[in-house]
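Here are the chains, one letter per residue:
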Amino acid sequence: MRIDIITIFPDYFTPLDLSLIGKARRSGLIDVRLHDLRRWTYDRHHTVDDTPYGGGPGMVMKPEPWGEALDEITADADAGTPRLILPTPSGLPFTQQDAVRLAKEPWLIFACGRYEGIDARVAVDAAQRMPVEELSIGDYVLNGGEVATLVIVEAISRLLPGVLGNVESITQDSFAPGTMDNLVEGPVYTKPPVWRGHEVPPILLSGHHAAIDRWRRDEALRKTARNRPDLIRRLDPESLDKRDREV
Ligand SMILES: N#Cc1c(-c2ccc3ccn(Cc4ccc(CN5CCOCC5)cc4)c3c2)n[nH]c1N
């Protein structure tokens, strides 16, 4: 997968040099290319913003640099057609299902806005040449699209074959379609068996795998009911067995 990221703060993305994503980049599994938007400005101050038409608070990102940046980056005809991802507070909620869907894309471009956002014509113009998605990572306000892009890139990259050593951890993920029925994960434990007087639940040391699986599902149901009752309501009643209903 090729990922192009356009931003005025390229240094925000040094975390993509680290850990499993950094390893995937070095092995060629993921081709991440960072672009400083100011490269497509020509005034002395490398201006990327201006006052909003119609008044209002803050500044808006000018369309010209974005248009030229996207033109140059997408001119690479050999790479096929990219999908442009625009993080924004007003975007569609980004979900695990979106991560699964976008992980199948060969080429993504992320436009990281700042200030009060990017001139709306940039998305309209880009949509004439490629699919464009406005996505939000949650109902809280950030200062720009960089953190959201890091979140989305990590959620997608970890699903790519070869990036995570342990494929099973993907299938056991919360929100992963299928296996855990979109339940959140229950508590996890490791050695020592007793720590500061706190014991690991004995069932986990029993070696009875069917009982352990049952206990884990019970704990996932309990935690989901406590922290995410909205997910419980969405569960297909057919997916709950008699024991589940007793939890
Ligand atoms: N994904 C994601 C995000 C973002 C996000 C993503 C991208 C950009 C680019 C600029 N910003 C700052 C910003 C703050 C507030 C507002 C709204 N105001 C606009 C003017 O009228 C008042 C209301 C817009 C832009 C961004 C924030 N925040 N939270 C998420 N889940």
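Residues numbered from 1 in each chain as written. Predicted model: local features only at pLDDT ≥ 70, side-chain atom pairs only at ≥ 80, totals over all residues. Heavy atoms only, no water.

Caption draft 1: Structural view of the overall build of the protein. If you tally the helices and strands in the protein, you get 9 helices and 9 strands. Counting only C-alpha atoms and orienting by the principal axes, one finds that the protein spans roughly 70 × 40 × 40 Å. Looking at the 247 residues of the protein, the share that counts as buried comes to 40%. In the form shown here, the protein has an accessible surface area of approximately 14,400 Å², with 55% of it arising from carbon and sulfur atoms. Side-chain charges of the protein comprise 30 positive and 38 negative groups, with the mean position of each set lying 6 Å from the other. (Helix = DSSP H or I, 4+ residues; strand = E, 2+ residues; numbered from the N terminus. Buried < 20%, exposed > 50% of the residue type's maximum accessible area, 1.4 Å probe, protein only. Areas by Shrake-Rupley, 256 points an atom, 1.4 Å probe, with all protein chains shown as cover. Lys, Arg positive; Asp, Glu negative; His and termini not counted. Charge placed at Lys NZ, Arg CZ, Asp CG, Glu CD.)

Caption draft 2: Spatial organisation of the domain arrangement of the protein. Domains assigned within the protein are domain 1 (2-157) and domain 2 (171-246). In this structure, domain 1 and domain 2 have C-alpha centres spaced 36 Å apart. (Domains from an automatic or database assignment.)

Caption draft 3: Broad picture of the nonpolar core. I3, I5, L16, I30, F110, I152 and I156 are the most contacted members of the largest nonpolar core, which has 30 residues in total. Broken down by secondary-structure element, the contributors of at least two residues to this core are β1 (2-7), α1 (19-26), α3 (96-102), β6 (107-111) and α5 (146-157). Tallying contributions element by element places α5 first for this core, with 6 residues. L84, I109, A111 and A126 belong to the second-largest nonpolar core, a separate cluster that totals 20 residues. (Core = buried A, V, L, I, M, F, W, Y, C linked by side-chain atoms within 4.5 Å.)

Caption draft 4: Focus on the pairing of β6. Counting buried positions over the 5 residues of β6 gives 5, a clear majority of the element. Sheet analysis places β1 next to β6, joined by 5 bridges and oriented parallel. The partner of R2 across the bridge, within β6, is W107. Pairing of strand β5 (residues 83-93) with β6, which is carried by 3 bridges, proceeds in the parallel orientation. What sits directly across from I85, in β6, is F110. (Pairing = 2+ DSSP bridges.)

Caption draft 5: Seen up close, the layout of surface pockets. There is about 510 Å³ of room inside the largest pocket. Of all the secondary-structure elements, those providing two or more residues to the lining of the largest pocket are β5, α4 (121-126) and β7 (132-136). Looking at which element gives the most residues to the lining of the largest pocket, the answer is β5, with 5 residues. Here the residues of the lining of the largest pocket sort into 14 nonpolar, 9 polar and 4 charged. (1 Å grid on protein atoms, 1.4 Å probe; cavity = no way out; pocket = protein on both sides within 12 Å on 5 of 7 lines; lining within 4 Å. Points joined across faces, edges and corners; volume = space filled by probe spheres on them. Nonpolar A, V, L, I, M, F, W, Y, C, P; charged D, E, K, R; others polar.)

Caption draft 6: Structural context of the site of the ligand. With respect to spatial proximity, 18 residues lie near the ligand, and among them E116, S136, G138, Y140 and L142 are the closest. Take E116: an N or O atom from its side chain is 3.3 Å from a nitrogen atom of the ligand. At 2.6 Å, a backbone N or O of Y140 approaches a nitrogen atom of the ligand. For the ligand, the cavity whose grid points lie within 2 Å of the majority of its atoms is the largest pocket. Looking at which element gives the most residues to the shell around the ligand, the answer is β5, with 3 residues. Of the residues that constitute the shell around the ligand, the class distribution is 9 nonpolar, 7 polar and 2 charged. (Near = heavy atom within 4 Å. Polar contact = N/O pair within 3.5 Å; in protein donor to acceptor, adjacent residues only side chain to side chain. Sits in = over half its atoms within 2 Å of the grid points.)

Caption draft 7: Main features of the packing of aromatic side chains. Considering all chains together, one arrives at 2 aromatic pairs under this definition. Seen from their ring centres, F9 and Y12 are 6.2 Å apart, and the 50° between their planes marks the pair as tilted. With a centroid separation of 6.5 Å and 50° between ring planes, the pair formed by Y189 and W215 is classed as tilted. Pair noted here: Y189 is in the loop between α6 (167-171) and β8 (194-195) and W215 is in helix α7 (residues 209-227), with a separation of 26 residues, a long-range link. Under the relative-accessibility criterion, W215 is labelled buried at 18%. (Phe/Tyr/Trp six-rings, centres within 6.5 Å; stacked < 30°, edge-to-face > 60°.)

Caption draft 8: Fine view of the side chain of R2. Structurally, R2 can be placed in strand β1. Classification of R2 as buried rests on a relative accessible area of 9%. Here R2 is in contact with D31, R33, I73, D76, A79, P106, W107 and L108, once residues within four sequence places are set aside. (Contact = heavy atoms within 4.5 Å.)

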